[in-house]
Amino acid sequence: MYQSCLSTILNLKALHSARVDQDKKDLELKSTSNWTPLQSPKERQISCDRSHHSYDLCAINGPTILHPITSTFFLVDPSTSSPPSFAEKIRPYPRKWENFTMKKIKELTITSTPQTPRCEVQHNVPALVFSAGGYNGNFWHDFNDGLIPLFITVNSVFPDQDFVLVITEARDTWVTKYADLLQTFSKHRIINLNNDNATHCFTSAALGLISHGFMSINPALMPTSKTFTHFRAFLDKAYGLGQRNYPSKHKSPAARPRLVLASRKGSLGRVILNQAEVKRVAEEVGFDVIVFKPTPRTPLQEAYAVVNSSHVMVGVHGAALTHSLFLRPGSVLVQVVPLGLEGLGEMCFGKSARAMGLEYMEYKINAEESSLVEKYDKNELLIRDPTAFRGKNWSDAIMTIYLKEQNVKFELFRFKEYLKQVYKKAKRFMDKEG
């Protein structure tokens, strides 16, 4: 799944970059405080904004009934200015530019037909509707395509307002995993269209999620001026109290900064081949080292307790580094960048790390530290200049080389010298924040 993520990012990077300036201008002209769909003129009780590169956003500005079996939202008593059986369609997932993904997202219908189903469950608040399909289930995408856009949308469309979350294509395991975070957004019971057949009534509805780009929150586009730091504080609100239930099993002496070493499974590629030696070297530098092996079943409160109580996180580029969102502002994130993945680090993790106040560092491996030198001649373009080798288009074969075939074996003396710089930053943070 993460391989698909990288393919998408790399193949669309040029297109995205070309459109970013225009999108930014368009978004600035439509400052959210002025154009939020729930403020549309009354005569347009159903409105959709389809002008954005990443997402569509629709609104029903009046009482609405959800009929989950047909995935339809009915405007109750539509105004006479609406044409008979007027309807809009939306796939509420913020990867609009990616056709092959969007085709898999369930399409919802919004209609103003006067014939509406009978209401079975009454909610005296609006509904916020989005899809947890697409790439969700991959930890990076859960945040990039779901939870960060959800935070943006809530603070743009429903600031300081009660609402109900209505989610399509949400697996029970996904809802369970993020239950604490979702309930921090809304205390109401989540309506999961996968397994709810009752008709629900709301005072109004917003459908879709607003995205500001990969792992981004742009305060200039937020009526509440929220930043990534606010999102990090929101995570603390959801998971911080959980540390009482999941106390860290690792107690370090007060004088030793704690380093979390993210571990990867052998079948995934980008594995640290000499992990035991790396752990020993880090301990020699002065760290108390925790080898962190997250799985899809790892409770997020437990993961939060481990990462949030640490001073440094070190890991090879991959979805598991999304746990860096749990680091405290001021702590250190070291992303180990394998051959051929230069540039992705900043886009996937560096930007968000800096935005929430982390000390972000990259350790770019050299050819001798890549397992690819055991299979390919080090003078081949594939090793010597991966950017030139891959060109502008990443094929599946090229991605397999750099993502699946490649593992990392640190040159211990080089990495130890690098860790000495990391230690100074971590120790300074520990002395200040504990």
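These figures come from a predicted structure and were not determined experimentally.

Student: I'd love a proper account of the overall build of the chain, names of residues and values included.
Tutor: Along the chain, the regular secondary structure elements total 14 helices and 17 strands. Sequence separation of at least 24 residues holds for 75% of the intrachain contacts in the chain that already meet a minimum separation of 6. Split by element, the accessible area of the chain, about 18700 Å² in all, is 51% carbon and sulfur.

Student: Talk me through the sheet that holds strand 10 (residues 191-192); I want residue IDs and the actual numbers.
Tutor: The strand order across the open sheet built from six strands is 1-2-12-8-9-10, with neighbouring strands paired in mixed fashion. Strand pairing shows two members of the sheet lacking a second neighbour, strand 1 (46-49) and strand 10, which therefore form its edges. Across five bridges, strand 8 (residues 127-131) lies against strand 9 (residues 164-168) in parallel orientation. Of the residues in strand 9, the one forming a bridge with A127 is V164.

Student: Outline the pattern of salt bridges, listing residues and values.
Tutor: Under the definition given, this model contains 18 salt bridges. One network of salt bridges, in which partners are shared, links R50, D56, E88 and K96.

Student: Could you give an account of the packing of aromatic side chains, with specific residues and numbers?
Tutor: What the rule picks out here adds up to 20 aromatic pairs. Consider the rings of W97 and F214, whose centres lie 6.3 Å apart with planes at 85°: the pair is edge-to-face. A residue pair is termed long-range when its members are at least 10 positions apart, and W97 in the loop between strand 5 (87-90) and helix 3 (99-102) and F214 in the loop between strand 12 (205-207) and helix 7 (228-239) qualify at 117 residues. Ring plane angle 40° and centroid distance 6.3 Å describe the contact between W140 and F214, whose orientation is recorded as tilted. Pair noted here: W140 is in helix 4 (residues 139-157) and F214 is in the loop between strand 12 and helix 7, with a separation of 74 residues, a long-range link. Grouping residues by exposure puts W140 and F214 together as buried.

Student: Go over the pairing of strand 15 (residues 312-316), please, and point to the residues and values.
Tutor: Among the five residues that make up strand 15, five are buried, leaving the element largely enclosed by the rest of the structure. Sheet topology places strand 13 (residues 258-262) next to strand 15; three bridges connect them, and they run parallel. Residue pairing in the sheet places L261 in a bridge with V314 of strand 15. Relative to strand 16 (residues 332-337), strand 15 is paired through five bridges, and the arrangement is parallel. Paired with M313 across the strands is L333, a residue of strand 16.

Student: For the packing of helix 4 against helix 7, give the residues involved together with the corresponding values.
Tutor: Interhelical geometry of helix 4 versus helix 7 gives an angle of 95° and a closest axis separation of 10 Å. Taken together, the axes of helix 4 and helix 7 are roughly perpendicular relative to one another. Two secondary-structure elements touch here, helix 4 through F143, L147, I148 and F151 and helix 7 through F228, H230, F231, F234 and L235. Split by residue class, the contact of helix 4 with helix 7 holds eight nonpolar, one polar and no charged.

Student: Outline the packing of helix 7 against helix 9 (residues 300-308), listing residues and values.
Tutor: Close contact between helix 7 and helix 9 brings their axes to 10 Å; oriented N to C, the two are set at 120°. Taken together, the axis directions place helix 7 and helix 9 in an arrangement best described as oblique. Regarding helix 7 and helix 9, the two cross each other, and that crossing is left-handed. Between helix 7, through R232, L235, D236, A238 and Y239, and helix 9, the contact on the second element is made entirely by L300, Q301, Y304 and N308.

Student: Provide a residue-level description of the environment of R95, including the pertinent values.
Tutor: The residue R95 is located in the loop between strand 5 and helix 3 in this model. As a C-alpha pair, R95 and G134 span 39 residues in sequence and 8.7 Å in three-dimensional space.

Student: An account of the sheet that holds strand 13 is needed here, citing residue identities and associated values.
Tutor: Reading across from one edge, 14-13-15-16-17 is the order of the five strands in this open sheet, with parallel pairing throughout. A strand with exactly one partner marks an edge of an open sheet, and here the two such strands are strand 14 (288-292) and strand 17 (359-364). For this sheet the average axis-to-axis angle between neighbouring strands, irrespective of direction, equals 20°. Across the face of the sheet, helix 14 (residues 412-433) comes into contact with strand 13, strand 15, strand 16 and strand 17 while running at roughly 180° to strand 17.

Student: How would you summarise the state of the cysteines if you had to cite specific residues and measurements?
Tutor: For the coordinates displayed, the defined rule picks out two disulfides. In this model C48 forms its disulfide with C58; the gap between the sulfur atoms is 2.0 Å. On the sign convention where negative means left-handed, the S-S torsion of about 110° between C48 and C58 marks this disulfide as right-handed. One end of the pair, C48, is in strand 1; the other, C58, is in strand 2 (residues 57-60), and ten residues separate them in sequence. Neither C48 nor C58 differs from the other in exposure class; each is buried. Each sulfur in the disulfide pair C119 and C201 lies 1.9 Å from the other. One end of the pair, C119, is in the loop between strand 6 (108-111) and strand 7 (121-122); the other, C201, is in strand 11 (residues 200-202), with 82 residues separating them in the sequence. Cysteines bonded in the chain are numbered consecutively along the chain; their disulfide partners then correspond to 1-2, 3-4.

Student: Which residues make up helix 7, and what are the values?
Tutor: The end-to-end C-alpha distance of helix 7 is 17 Å, a good match for the 16 Å that twelve residues give at a rise of 1.5 Å each. Looking at helix 7, one finds that the buried residues are F228, F231, R232, F234, L235, A238 and Y239. All buried residues of helix 7 fall inside an arc of 155° around its axis, so they share one side. The inward-facing, buried residues of helix 7 contact helix 4, helix 5 (172-177), helix 6 (179-185), helix 9 and helix 10 (344-355). Sitting at the head of helix 7, T227 places a side-chain oxygen 3.2 Å from the backbone nitrogen of T229.

Parameters at a glance
- Every chain is numbered on its own, with residues counted from 1 as its sequence reads.
- Per-residue local features are limited, in this predicted model, to residues with pLDDT of at least 70; the limit for side-chain atom pairs, both in listing and counting, is 80 or more; totals at the level of whole chains, interfaces and linings are taken over all residues.
- Note that the side-chain values use all heavy atoms of the structure and ignore hydrogens as well as water.
- Runs of E in the DSSP output that reach at least two residues are strands. Runs of H or I that reach at least four are helices, and both are numbered from the N terminus.
- A contact between two residues is defined here by any heavy atoms of the two lying within 4.5 Å.
- Only the protein chains shown count as cover for residues, and all accessible areas are computed by the Shrake-Rupley method using a 1.4 Å probe.
- Strands pair, by our definition, only if DSSP identifies at least two bridges between them.
- In what follows, salt bridge is the name for a side-chain nitrogen of Lys or Arg lying within 4 Å of a carboxyl oxygen of Asp or Glu.
- In this scheme Phe, Tyr and Trp rings, the latter by its six-membered ring, pair at centre separations within 6.5 Å, and the angle between planes marks the pair as stacked below 30 degrees, edge-to-face above 60, and tilted otherwise.
- Note on exposure labels: buried denotes an accessible area under 20% of the residue type's maximum, exposed denotes more than 50%, and partly exposed covers the range between, all computed with a 1.4 Å probe on protein chains only.
- What counts as an axis is a line fitted to C-alpha atoms, over the stretch in contact for a helix, and the angles between N-to-C directions run from 0 to 180 degrees.
- Any angle between 65 and 115 degrees counts as roughly perpendicular, while under 35 counts as roughly parallel, over 145 as roughly antiparallel, and the rest as oblique.
- Amino acid classes used here: Ala, Val, Leu, Ile, Met, Phe, Trp, Tyr, Cys and Pro are nonpolar; Asp, Glu, Lys and Arg are charged; the rest, including Gly, are polar.
- Two helices crossing with the near one rotated counterclockwise from the far one by less than a right angle form a left-handed crossing, whereas a clockwise rotation gives a right-handed crossing.
- In this description, a disulfide is simply a cysteine sulfur pair whose atoms lie within 2.5 Å.
- Here, expected helix span is obtained from the residue count minus one, scaled by 1.5 Å.
- Here the arc refers to the directions that run from the helix axis out to each C-beta atom.
- Nitrogen and oxygen atoms within 3.5 Å of one another constitute a polar contact, given that in protein one can donate a hydrogen and the other can accept it, and given that sequence-neighbouring residues count only through two side-chain atoms.

Such coordinate-based values are descriptive only and should not be taken to indicate function.
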